[in-house]
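Structural description and commentary
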Amino acid sequence: MEKINGRCPPQGTSHQSYQPFSQQLPVSFRLPPVPVQARVNKAVLGGKEIVQKTSANNAFVNNDPFIPLNPLTTEEIRVFEDKKAADNNARKRRRSSEFDKWKRPNNQETPWLSDECTVKYTSVVQRLHYEILEFVDYLLPTDLERLLRAYVIKRIEMAIKAVYPTAEVLAFGSYNTDLYLPTSDIDLVCFIHQRNPLRDIVSILARNNICEGRPIAIANAVVPIIKFKEKHTKFNVDISFNQASGFGSAAAMKLFMKEWPSLGKLVVTLKYFLHHHELDDPSCGGMGGYTVFCMVLSFLQLHPEIQKGVVVPEDENLGVLLIEFFELYGIHYNYEDLAIRVAKDKRSGLNVGYYRKKYENWATKDPITNICIQDPSDSTNDIARSTKNMRIIQDEFQHAFERLVTRVGYLERCTPRDEDGTFRDLQSQSILSSISFINSDIRKRRDQLYKDYKNGVLGSVLSQYGTDPSRFLRHHDVDIIIETFRFEIAEADRLRNFKFARIRNKNDKHHIPPSPKKRERSPVYIEESSDMEMSDEFISDYYIPNDRKLRNVTDDYNGKRRSKKRHKRERGD
């Protein structure tokens, strides 16, 4: 049948009596009559809409040498622009709805899936529980990774003790709690009888060919640190000095993990989720592992069904709890007003729960959207003060909740069932892949470590020690070490608190204009009785040299504000 303008005319009608589509619409949908003699025909050819105007003086039909750029009337242009905007909005809605759809990953992106489980699943969230267990088992360190990390720690300790025999090198953080990922750093603390050991330790590491490239010493940080990458294993290492607070946090975490056996599995899952979205670096505003640990702990402590005993996390409920965690911290939690306490405060006697942020002196109030969590081992410390990108993390939590719910609902509807009501072939389906998957870096790193251990330099070095990590690490009595280096630890704590107080005062300080009579800024004097020993890098911030004459900004009260250029010129900048 012949088509006219992309449409098939009804049978029994001629071309002349056939009305275009615009004339077949109801009266309320039709366009108002236009003053010119015109007819608009819509032809859909290959998904594109072609608009033509037929009239006696149509330059396009007559093939004139000059074709006007706007052959349509104003009313027609308005109608077609509205339709184009509606089509764009519909396209955006389709794109946003497809954004949360699950895309099947390849086998290399989901290496945690196992066929050994023989559980007959009665629900999809039950399958999510067992997939979390498989996911955590894959991410936890292998025996080779434990051996190589122990070797790196021992190598650094031997190099430092060769120059400073009384020094002690200990590992802390996630290494002590076994909650570290394959990509996690090795956090070390060096207890040494020296005030500023950064430069000496950097030269020791470079001289013994331990690091790849030259180490980076960050002396101006709140906690001075040395960062480098180990040469053979490619592990990232951070070394701090005379800091004993990490051991109290590790001891508290171990006690909480004994109380909540499933706590570590949720923490590892969420730590990799943040790593997958590149939001796990506190130095860049991300969320650290200790903050994730306390968030999950608070979630389990204050869960109403867990408090009643209705829900037991170990009884195939990890999947439900993971979805509810994303729902709480992605949608419902009030970051601007609430602060979290996961342990009883010994000073105030307040118990576990949510508290108003404005009444807590330890809580960080800048930015206001930052999450605040009290350190269970130090009631004056806010462990989440470096998490500045909480808005971005909250959005990722919300998206994860929506994707998990969508994936679970799809499998509930579309997965076939057996006669006894259990799901068929659900073991091969992945739910966690809708929010994260294993990238190629982890797989390549593990493969390269295995090759170097079997055929490379690592194998020849470690062959004489065996495969037992305990041979590299000797037992350290932390209490004795802290007592031995108590003066150095106290000095490091005073300097850390001083730096942090300066940062907090800088954020909370309001500018007060000086007196108009003073032409020079008077120095700030420190009391002689103060036991605070100031380093050279802070003395310059307190004492102003005499040759720098600072003119007052507000000594002109004639109603006119000085310009910035004049102010800088008079000040001498």
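Before reading further, recall that the structure is shown in the block above.
Figured I'd write up the structure that's included with this text. What you see is a predicted model, and the numbers here were worked out from it, not measured in a lab. (Residues numbered from 1 in each chain as written. Predicted model: local features only at pLDDT ≥ 70, side-chain atom pairs only at ≥ 80, totals over all residues. Heavy atoms only, no water.)

Core analysis: the largest hydrophobic core is formed by 69 residues, its most contacted members being Phe326 and Tyr329. Those residues within four positions of Tyr329 in sequence are excluded, and the remaining contacts are Met295, Ser298, Phe299, Tyr335, Ile340, Tyr354, Gln394 and Phe397. Counting 36 residues, the second-largest nonpolar core is a separate cluster that includes Val169, Tyr175, Phe241 and Leu462. (Core = buried A, V, L, I, M, F, W, Y, C linked by side-chain atoms within 4.5 Å. Buried < 20%, exposed > 50% of the residue type's maximum accessible area, 1.4 Å probe, protein only. Contact = heavy atoms within 4.5 Å.)

Let's shift gears to the sheet that holds strand S5 (residues 216-218). The 5 strands are arranged S3-S4-S7-S6-S5 in an open sheet whose pairing can be described as mixed. Of all strands in the sheet, those bounded by a partner on one side alone are strand S3 (168-171) and S5. Neighbour-to-neighbour, the strand axes of the sheet open up by a mean angle of 25°, direction not taken into account. The sheet strands contacting helix H4 (residues 143-163) are S3, strand S4 (186-191), strand S6 (225-229) and strand S7 (236-241), and the helix crosses S4 at an angle near 25°. Sheet strands in contact with helix H6 (residues 198-207) are S5, S6 and S7, and its direction is about 15° off that of S6. (Pairing = 2+ DSSP bridges. Helix = DSSP H or I, 4+ residues; strand = E, 2+ residues; numbered from the N terminus. Axes fitted to C-alpha atoms, helices over the stretch in contact; angles between N-to-C directions.)

According to the stated counting rule, one finds 15 salt bridges in the structure shown. Ionic pairing is found between Glu412 and Arg417, a salt bridge with its closest N-O pair at 3.4 Å. Residue class for Arg417 comes out partly exposed when judged on its relative accessible area of 39%. Through salt bridges with shared partners, a single network forms among Arg341, Asp345 and Glu360. (Salt bridge = Lys/Arg side-chain N within 4 Å of Asp/Glu carboxyl O.)

Another point: the packing of aromatic side chains. Counted by the stated rule, this structure contains 17 aromatic pairs. Here a set of aromatic residues connected by ring pairs shows up, and it is made of Phe273, Phe299, Phe325, Phe326, Tyr329, Tyr333, Tyr335, Tyr354 and Phe397. Above the plane of the ring of Phe235 lies Arg149, whose end atom (NZ or CZ) is 4.5 Å from the centre. Positioned above the aromatic ring of Tyr355 is the side chain of Arg341, whose terminal nitrogen or guanidinium carbon lies 4.4 Å from the ring centre. (Phe/Tyr/Trp six-rings, centres within 6.5 Å; stacked < 30°, edge-to-face > 60°. Lys NZ or Arg CZ within 6 Å of the ring centre and 35° of its normal.)

With that settled, consider the pairing of strand S11 (residues 378-382). As a general feature of sheets, a regular strand has side chains that alternate between the two faces. As paired strands, strand S10 (residues 374-375) and S11 are joined by 2 bridges and run antiparallel to one another. Paired with Gln374 across the two strands is Asp382, which belongs to S11. With antiparallel pairing between neighbouring strands as the criterion, S10 and S11 make up a hairpin whose turn holds 2 residues.

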